[in-house]
Amino acid sequence: MSFKDLADKKADYKTQINSIARSISDGTNPFKDSDLSADGMDFKSGKKELKPEVFNWVTKNAESLYKTDKGLPEGHYQGLSALSADKQTVYLFVEGKPTGPIALKGIKNKISRIRIVGEGTMVEPEIYNKLYWSSVPGIVYIPLPTDRLDKDLTVVAVLLDGPLDLYREKVGAIESNL
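Because the structure is a prediction, the values reported are computed rather than measured.

Here is what the cut-offs are and how they apply
- Residues numbered from 1 in each chain as written.
- Predicted model: local features only at pLDDT ≥ 70, side-chain atom pairs only at ≥ 80, totals over all residues.
- Heavy atoms only, no water.
- Helix = DSSP H or I, 4+ residues; strand = E, 2+ residues; numbered from the N terminus.
- Buried < 20%, exposed > 50% of the residue type's maximum accessible area, 1.4 Å probe, protein only.
- Areas by Shrake-Rupley, 256 points an atom, 1.4 Å probe, with all protein chains shown as cover.
- Lys, Arg positive; Asp, Glu negative; His and termini not counted.
- Charge placed at Lys NZ, Arg CZ, Asp CG, Glu CD.
- Axes fitted to C-alpha atoms, helices over the stretch in contact; angles between N-to-C directions.
- Left-handed = near helix turned anticlockwise from the far one by under 90°.
- Contact = heavy atoms within 4.5 Å.
- Nonpolar A, V, L, I, M, F, W, Y, C, P; charged D, E, K, R; others polar.
- Core = buried A, V, L, I, M, F, W, Y, C linked by side-chain atoms within 4.5 Å.
- Salt bridge = Lys/Arg side-chain N within 4 Å of Asp/Glu carboxyl O.
- Pairing = 2+ DSSP bridges.

Section: the overall build of the chain
The number of helices and strands found in the chain is 4 helices and 8 strands. Its helices and strands in sequence order give the chain the pattern α-α-α-α-β-β-β-β-β-β-β-β, from N to C terminus. Across its three principal axes, the chain shows a C-alpha extent of roughly 70 × 35 × 30 Å. Across the 178 residues of the chain, 42% fall into the buried class. When the accessible surface of the chain is split by element, carbon and sulfur atoms take 50% of a total near 10,600 Å². Once the 25 positive and 25 negative side-chain charges of the chain are each reduced to a mean point, those two points are 1 Å apart.

Notes on the packing of helix H2 (residues 13-25) against helix H4 (residues 52-60)
With their axes 9 Å apart at the nearest point, H2 and H4 run at an angle of 35 degrees to one another. By crossing handedness, the relation of H2 to H4 is classed as right-handed. Mapping the contact onto sequence places Tyr13, Gln16, Ile17 and Ile20 in H2 and Glu53, Val54, Trp57 and Val58 in H4. Within the contact of H2 with H4, the residues separate by chemical class into 6 nonpolar, 1 polar and 1 charged.

Here we look at the nonpolar core
Grouped together as the largest cluster of nonpolar side chains are 24 residues, with contacts concentrated most on Ile20, Phe31, Trp57, Val58, Leu65 and Phe93. Every element with two or more residues in this core is listed here: H2, H4, strand E2 (80-83), strand E3 (89-95) and strand E8 (153-160). Look past the residues within four positions of Leu65 in its chain and what remains in contact with it is Ile20, Ile24, Asn29, Phe31, Leu36, Trp57 and Val58. Among the nonpolar cores identified, the runner-up in size contains 20 residues, and Leu83, Leu92, Ile102 and Ile114 belong to it.

Points about the pattern of salt bridges
By the definition in use, this model includes 5 salt bridges. Between Asp150 and Lys60 there is a salt bridge, with the nearest N and O atoms lying 2.7 Å from each other. Remark: Lys60 occurs in helix H4 and Asp150 occurs in the loop between strand E7 (139-142) and E8; sequence separation between them is 90 residues. Accessibility expressed as a relative area gives 36% for Lys60, which makes it partly exposed. For Glu119, the salt bridge is made with Arg148, and the minimal N-O distance between the two is 3.8 Å. One end of the pair, Glu119, is in the loop between strand E5 (111-116) and strand E6 (126-128); the other, Arg148, is in the loop between E7 and E8, with 29 residues separating them in the sequence. You can call Glu119 partly exposed: its relative accessible area is 34%. For Arg148, a relative accessible area of 41% translates into the label partly exposed.

Digging into the sheet that holds E6
Strand order in the open sheet formed by 3 strands is E4-E7-E6, with antiparallel pairing between adjacent strands. Each edge of the open sheet carries a strand with a single partner, namely strand E4 (102-105) and E6. Direction aside, the axes of adjacent strands within the sheet are offset by 25 degrees on average. Summarising the sheet, E4 and E7 pair through 4 bridges and their orientation is antiparallel.

Below, the structure written as structure tokens:
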């Protein structure tokens, strides 16, 4: 997807927003060659070419779209995600209203801060199944307040203590039961 594909006025704006998230999660950022800045200010080309609803969502969540790249591999988060240019912030795209906390698996980094992009609400994560003696990271559960969710697509920023480090375990067949 490119920025010109977003200028289609006939498409439903919710479909366009979901297409933006899917495209970034797959590693193709439609805003790569646009004038979108990290704070969304002075996004003149978007004002002219995008639907007002899409433009408002893009400027609200600009930090998650500015120079972001392909997100987490499959199995670490059940949804779409993006990774900042410095690889220290993971952006999670949350569709609709979750019925419980969202889960992150296999993140070896310590989490510095979690907040909802565009409105700033800080969220306190809960970590389960982390044993102090094991190198296997626990599962991070992120409860989201339902009154703070975006009506179209919520973006959650997970700030890490360093570049993203994922736990990847090689699983194979049991060779011997002895």
